[in-house]
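Structural overview
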Amino acid sequence: MMFASALGGLLALAAILLAGASALIVLVATLGHQPDYKPDNNTVLKIALKGELQETVEENPLRFLSFGESLTPLSLRDVRRAIRAAKEHPQVRGIYLEAGSLIAGTAAIDAVRRDLTDFRENGKFVVAYADSYTQAAYYLCSVADKVFLNPLGMLDLHGMVNQTTFYKGVLAKVGLEMLVFRAGTHKGAVESYLLDKLSEENRRQIASFQQIIWGNITRNIAQSRGLAPQEVNRFADRGDFLSGAEKTVEVGLVDELKYRDEAETYVRLWAGQTGEALQTAGVNRMKTVREIPSANTHHPEEIAIVYAEGEIMNRTTASLYDGKCITEELGETLAELRKDDRVKAVVLRINSPGGSAFVAEQLWKEADALKKVKPLVVSMGNVAASGGYYIACAAHRIVAEAHSLTGSIGVFSLLPNAAELYKKLDITTQTVQTNTYGDLLSLAREPRTDEKALVQAHVEHLYEVFLQRCADGRGKTPQDVNRIAQGRLWTGGEAVEIGLADATGGMDQAVDEAAALAQLPHYRLRHVTPAEDFLQSILELSREKILAALSEPLRGETFRYLKALGLAEQIKGVPQARLPYNIQPL
């Protein structure tokens, strides 16, 4: 009788879980389905510029459960797709940019600015408004026909800043030492643990790419606003961003001061709308507008665009990592595309600061195998450096945005030494081992001289392999690559000059080059993004992922520092080809 009751209870529980799963599937399907949108007459596309601008954003119908809409990332692909659909549709009159706390790299912003410029050249308008402009948001919005600012708002145009935090001192106080092994004089990712200030080589490379990128930004803003670059720099140098909103109009960075409702009325009248409130369509609706049929629409031959974004790490580490990452799954995707006869060429979009040297090598191998079968072109996003460049160098052609950060060809490894901490805490250890180097990664003691030599030799071997991969891919000798490697960062424009890339440009140019290499006059595009079964991902939620999701609203600068310290533990003894966590394009 007891067994029957227990069995009945289990069956009831199973029925409840099955019903809940079915309801969830229906909910996900309902929320995720978006029919093709048909704009009304005089429609305005509204783009809310807030959150992080990522290459792609995975569909997550349950994102509404998070705290705060501002944390929802913005998809670069979706924004560009919406702008292009709005440009071609006769019912869409203009675009309204509502700027907020936008987090974006300059390469991504440049891509959107080009699309907005193209949109305007089609005889349509672009208007921007903000309660206050962040630097990234203003750089994007400066291309608009009209730029409005709240009368009590701020235009935070202050120049480029990269601040490095050093942990050597605080680690020493608690008895920890981070032993660093590296190949590359500019490999600045280790300096936070090794020094108490930037090395002169690292300081110079940061200053160099800042001057190049900021110079281009000020020239682009000046051109859009009909100013001289010196006037833009003068506004930043004098701290005029703190002088009141009127100053922005006085110097010509803003057209008029308006409250939000006044800006929306201005847009409504320009669009020819007769109602009392501005009628807009957001990115998520506009991106579903059916494209005008072309010769390519139904063509069987394809060019695949593969998106690779985030840190490079193995699957095990990635399962505990909160954020976008590149794992061995990218290699599996490239292998599938290599065998797919419909795909005649591949464009690999890389936006990555690097990571695990081992995983980067595995991904390089698959990219190289694909290259031997069909054309492979790399399109660089904000960052395609270190391990990101390791993968890229296998391509037939590399197209970089002028502001992409790339290069950083170098390798490092970290070994923590907690011997002093053990002493302070009166912790003792006793080791029993069969061979000489069994306890090489032990925290309890400082590695011996011979052990340090072994680790350094391993790092230098990986660096030599990295140089060879780059040399083979770029038609150079390892010695040639070594002269421009050494962990040195370059902008996309510089990379073309020194032979690390072939041309400056965006995704469109990369696709054109892939089509030319494959001799495809007609083709259709297949976008390949990491796509997982959403229900399966819910069922596989780990404790760590749940905690990460709940902690999302608490993130900020402090979280980045804690993340950097946590990263040191994750990569202990694992050779890395990665940038410092704090390097930001803008």
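How each quantity is defined
Residues numbered from 1 in each chain as written. Predicted model: local features only at pLDDT ≥ 70, side-chain atom pairs only at ≥ 80, totals over all residues. Heavy atoms only, no water. Helix = DSSP H or I, 4+ residues; strand = E, 2+ residues; numbered from the N terminus. Buried < 20%, exposed > 50% of the residue type's maximum accessible area, 1.4 Å probe, protein only. Contact = heavy atoms within 4.5 Å. Areas by Shrake-Rupley, 256 points an atom, 1.4 Å probe, with all protein chains shown as cover. Phe/Tyr/Trp six-rings, centres within 6.5 Å; stacked < 30°, edge-to-face > 60°. Lys NZ or Arg CZ within 6 Å of the ring centre and 35° of its normal. Expected span 1.5 Å × (residues − 1). Arc of directions from axis to C-beta. Axes fitted to C-alpha atoms, helices over the stretch in contact; angles between N-to-C directions. Parallel < 35°, antiparallel > 145°, perpendicular 65-115°, else oblique. Nonpolar A, V, L, I, M, F, W, Y, C, P; charged D, E, K, R; others polar. Polar contact = N/O pair within 3.5 Å; in protein donor to acceptor, adjacent residues only side chain to side chain. Pairing = 2+ DSSP bridges. Right-handed = clockwise from strand over helix to strand, strands pointing away. Disulfide = S-S within 2.5 Å. pLDDT = per-residue confidence, 0-100. Salt bridge = Lys/Arg side-chain N within 4 Å of Asp/Glu carboxyl O.

Some thoughts on the overall build of the protein
Check the secondary structure of the protein and you find 23 helices and 21 strands. Across the 586 residues that make up the protein, the buried fraction comes to 49%. Long-range pairs, those at least 24 residues apart, make up 76% of the contacts in the protein between residues at least 6 apart in sequence. Split by element, the accessible area of the protein, about 28,100 Å² in all, is 54% carbon and sulfur.

Observations regarding the packing of aromatic side chains
One pass over the structure, following the stated rule, counts six aromatic pairs. Ring centres of Tyr133 and Tyr138 lie 5.7 Å apart, and the angle between their planes is 80°; on these two criteria the pair is classed as edge-to-face. Taking relative accessible area as the criterion, Tyr133 reaches 1% and is therefore assigned buried. For Tyr138, a relative accessible area of 0% puts it in the buried group. Note that Lys258 overlies the ring of Phe148, its terminal NZ or CZ placed 5.3 Å from the centroid. The ring of Trp364 has Arg469 sitting right over it, with the charged end atom 4.0 Å from the ring centre.

Side note on the environment of Gly493
Relative to the assigned elements, Gly493 resides in helix H19 (residues 492-498). Classification of Gly493 as partly exposed rests on a relative accessible area of 23%. The spacing of Gly493 and Ala400 is 93 residues in sequence and 7.5 Å in space, taken between C-alpha atoms.

Structural notes on helix H10 (residues 260-271)
Along its 12 residues, H10 runs 17 Å from first to last C-alpha, staying within 8% of the 16 Å computed at 1.5 Å per residue. All buried positions along H10 are accounted for by Ala263, Val267, Arg268 and Ala271. Take H10 and look down its axis: the buried residues cluster within an arc of 140°, on one side only. Counted as exposed and oriented over 90 degrees from the buried face of H10: Asp261 and Leu269. The first or second residue beyond H10 is Gly272, which carries a positive phi of 85°.

Topic: the packing of helix H2 (residues 76-88) against helix H3 (residues 106-120)
Working note: a packed helix pair is described by the angle between its axes plus the distance between those axes. In contact at an axis separation of 9 Å, H2 and H3 are set at 5° when each is read in the N-to-C sense. In this view, H2 runs roughly parallel relative to H3, as classed from their interaxial angle. Contacts from Leu76, Val79, Arg80, Ile83, Arg84, Ala86 and Lys87 in H2 reach Ala108, Ala111, Val112, Asp115, Leu116, Asp118 and Phe119 in H3. The residue makeup of the contact of H2 with H3, split by class, is nine nonpolar, no polar and five charged.

Focus on the environment of Arg80
Relative to the elements of secondary structure, Arg80 occurs in helix H2. In the structure, Arg80 is positioned 203 residues away from Val283 in sequence and 9.1 Å away in space, judged by C-alpha atoms. Sequence-distant contacts of Arg80, defined by excluding residues within four places in its chain, comprise Ala111, Asp115, Met507 and Asp508. Looking at Arg80, its side chain comes within polar contact range of the side chain of Asp508, at 3.4 Å.

Concerning the pairing of strand S14 (residues 376-385)
Of all 10 residues that make up S14, 10 are buried, and the element is covered over most of its length. Two strands pair when backbone bridges link them, and strand S12 (residues 343-352) and S14 are joined in this way by six bridges, in the parallel orientation. Its bridge partner being in S14, Leu348 is matched across the sheet by Val378. With four bridges connecting them, S14 and strand S15 (residues 397-400) associate as parallel partners. From the neighbouring strand, Ser379 faces S15, where its bridge partner is Val399. In this fold, the crossover linking S14 to S15 by way of helix H15 (residues 387-392) has right-handed handedness.

Some words on the state of the cysteines
Considering all chains together, one arrives at zero disulfides under this definition. Take Cys393: it sits in no disulfide, and the sulfur closest to it among the cysteines is that of Cys470, at 4.2 Å.

Description of the confidence of the model for the protein
Summing up the model confidence of the protein, the mean pLDDT is 85 and the portion of residues at 70 or higher is 81%. Note on residues 61-70: pLDDT under 50 across the span, and 18 contacts to partners over four residues away in sequence or across chains. Taken together, the stretch residues 531-544 has pLDDT below 50 and engages in 14 contacts with residues farther than four places along the chain or on a different chain.

A word on H2
For H2, with 13 residues, the first-to-last C-alpha span of 19 Å sits near the 18 Å given by 1.5 Å per residue. Taken together, the buried positions of H2 are Leu76, Asp78, Val79, Arg80, Ala82, Ile83, Ala85, Ala86 and Lys87.

Here we look at the pattern of salt bridges
Following the criterion strictly, the structure yields 37 salt bridges and no others. With a closest N to O distance of 3.3 Å, Arg524 and Glu302 form a salt bridge. Of this pair, Arg524 sits in strand S20 (residues 524-528) while Glu302 sits in strand S9 (residues 302-309); the two residues are 222 residues apart in sequence, bridging distant segments of the chain. Among the salt bridges present, the one from Asp340 reaches Arg526, with a minimum N-O distance of 3.0 Å. Taken together, the residues span a long stretch of sequence, with Asp340 in the loop between helix H13 (329-339) and S12 and Arg526 in strand S20 at a distance of 186 residues.

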